[in-house]
Amino acid sequence: MQTPPPPDVVGTPGAGPPTRRPSLLTTPAPPPVSMTDPGAQTATVTYGDAVAPVTRPGRAPAHVTEFTAPDSTEKFCKAIDALDGALALALSHPGAARLLVIISDGAYTTDERASGKQRLARLARTGCGVLWLAPDTRWSDPMAGAQTVTITDPAATAETIAKAATRALQTA
């Protein structure tokens, strides 16, 4: 398993200030599910001023992509809607194990936060686990309704995600 890049902020010592990464939403099947369920589906989108697919169900990425975040806002709700409907993952439909993973600082507009909380509550009511991976920064503000994990050690991110994903699915 490749270790994903650290969420939200990336920089190289001595190379100037760090740049923000775009927020990511993904729907991974945790290792125990994906190894035993050949029908498990995953998809990933980035979101800023627009929502863009990174991976689609049934298609593995060819390589790890580095992202930048030049946008001044995040379309969090459109990203959830894309994963729930347009990418055919049916996050809000009971049945198979479902998990939404959000990698973001959560610094959204008031309207985006209010609508986002409603979407997270809807997903939770239908049994979809919600995991929020937040950077260890003073401005991080994950939404209520998600199991939140603050990423303090980017090298341990994959292990942290696996453990938190398992907990989120068990409590969904």
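Visitor: Give me the lowdown on the packing of aromatic side chains, citing residues and values where you can.
Guide: Using the criterion set out here, one finds five aromatic pairs in the structure. Their ring planes at 55° and their centres at 5.8 Å tell us that Tyr47 and Phe76 sit as a pair that is tilted. A residue pair is termed long-range when its members are at least 10 positions apart, and Tyr47 in strand E4 (residues 44-47) and Phe76 in helix H2 (residues 76-86) qualify at 29 residues. Note on accessibility: Tyr47 and Phe76 belong to one class, buried. Plain terms: the ring middles of Phe76 and Tyr108 are 5.0 Å apart, the flat faces sit at 25° to each other, and that makes the pair stacked. Here the residue Phe76 occupies a position in helix H2, and Tyr108 occupies one in the loop between strand E6 (99-103) and helix H3 (110-125), the gap between them amounting to 32 residues. The same class applies to Phe76 as to Tyr108, namely buried. Grouping aromatic residues by their ring pairs yields a cluster made of Tyr47, Phe76, Tyr108 and Trp132.

Visitor: Now, about the nonpolar core: what can you tell me, with residues and values included?
Guide: Counting 20 residues, the largest nonpolar core has Phe76, Leu100, Ile102, Tyr108, Leu120, Leu123 and Trp132 as the members making the most contacts within it. Broken down by secondary-structure element, the contributors of at least two residues to this core are E4, H2, E6, H3 and strand E7 (129-135). Ranked by residues supplied to this core, first place goes to H2 with five residues. Counting residues in each nonpolar core, the second largest holds 11 residues, with Ile103, Val149, Ala164 and Ala168 among its members.

Visitor: Tell me what's going on with the pattern of salt bridges, and back it up with residues and numbers.
Guide: A full pass over the atoms with the stated rule returns four salt bridges. Residues Asp141 and Arg113 are paired through a salt bridge, measuring 3.6 Å at the closest nitrogen-oxygen approach. In this pair, Asp141 sits in the loop between E7 and strand E8 (147-151) while Arg113 sits in helix H3, placing the two residues 28 residues apart along the sequence. By relative accessible area, which is 14% here, Arg113 ends up buried.

Visitor: Outline the confidence of the model for the chain, supporting the account with residue identities and numerical values.
Guide: Do not read the fine detail of predicted coordinates wherever pLDDT is low. Here the chain averages 74 in pLDDT, while 73% of its residues score no lower than 70. With pLDDT under 50 throughout, residues 1-22 is counted as low confidence; its partners more than four residues away or in other chains account for 45 contacts. Low pLDDT (under 50) marks residues 27-36, which in the prediction has 18 contacts with non-local residues, meaning those over four places away or in another chain.

Visitor: Please give an account of the environment of Arg59 that cites residues and values.
Guide: The topology assignment puts Arg59 in the loop between strand E5 (51-55) and H2. Residue classification places Arg59 among the exposed residues on the basis of a relative accessible area of 57%.

Visitor: Explain the side chain of Ser104 to me, and be specific about the residues and the numbers.
Guide: Secondary-structure assignment places Ser104 in the loop between E6 and H3. Overall, Ser104 belongs to the buried group, its relative accessible area being 0%. Engagement of the side chain of Ser104 in a polar contact is seen with the backbone nitrogen of Gly106, the distance being 3.0 Å. At a separation of 2.9 Å, a polar atom in the side chain of Ser104 contacts the side chain of Tyr108.

Visitor: Give a detailed account of the pairing of E7, specifying residues and quantitative values.
Guide: Among the seven residues of E7, seven are classified as buried, and the element is accordingly described as predominantly covered. Where burial is concerned, the two faces of E7 agree: the one with Gly129, Leu131, Leu133 and Pro135 and the one with Val130, Trp132 and Ala134 are both buried. In this region the chain leaves E6, passes through H3 and returns to the parallel neighbour E7; the handedness of that crossover is right-handed. Examined bridge by bridge, E7 and E8 share five bridges and lie parallel to one another. Residue pairing in the sheet places Pro135 in a bridge with Ile151 of E8.

Calculation notes
- Sequence order as written defines the numbering, with residues in each chain counted from 1.
- Only residues with pLDDT of at least 70 are given local features in this predicted model, and only at 80 or more are side-chain atom pairs given and counted; all residues enter the totals for whole chains, interfaces and linings.
- Only hydrogens and water are set aside; all other atoms, that is, all heavy atoms of the structure, feed into the side-chain values.
- A pair of Phe, Tyr and Trp rings is counted when the ring centres sit within 6.5 Å of each other, with Trp represented by its six-membered ring. The angle between the planes then sorts it: under 30 degrees is stacked, over 60 is edge-to-face, the rest tilted.
- Secondary structure elements follow DSSP: runs of H or I of four or more residues count as helices, runs of E of two or more count as strands, with numbering from the N terminus.
- Only protein chains enter the accessibility calculation, which uses a 1.4 Å probe; a residue whose area is less than 20% of its type maximum is buried, one above 50% is exposed, and one in between is partly exposed.
- The definition of a nonpolar core used throughout is a set of buried Ala, Val, Leu, Ile, Met, Phe, Trp, Tyr and Cys residues joined through side-chain atoms within 4.5 Å.
- Each salt bridge in this description consists of a side-chain nitrogen of Lys or Arg and a carboxyl oxygen of Asp or Glu lying within 4 Å of one another.
- The predictor attaches a confidence to each residue, called pLDDT, with possible values from 0 through 100.
- For this analysis, residues touch if any pair of their heavy atoms sits within 4.5 Å.
- Identification of polar contacts relies on pairs of N or O atoms within 3.5 Å, with a donor-acceptor requirement for protein atoms, meaning one able to donate a hydrogen and the other able to accept it, and with residues adjacent in sequence counted only if both atoms are side-chain atoms.
- Note on handedness: a crossover is taken as right-handed if, strands pointing away from the viewer, the path from the first strand over the helix to the second is clockwise.
- Here the rule is simple: two strands pair whenever DSSP picks up at least two bridges between them.

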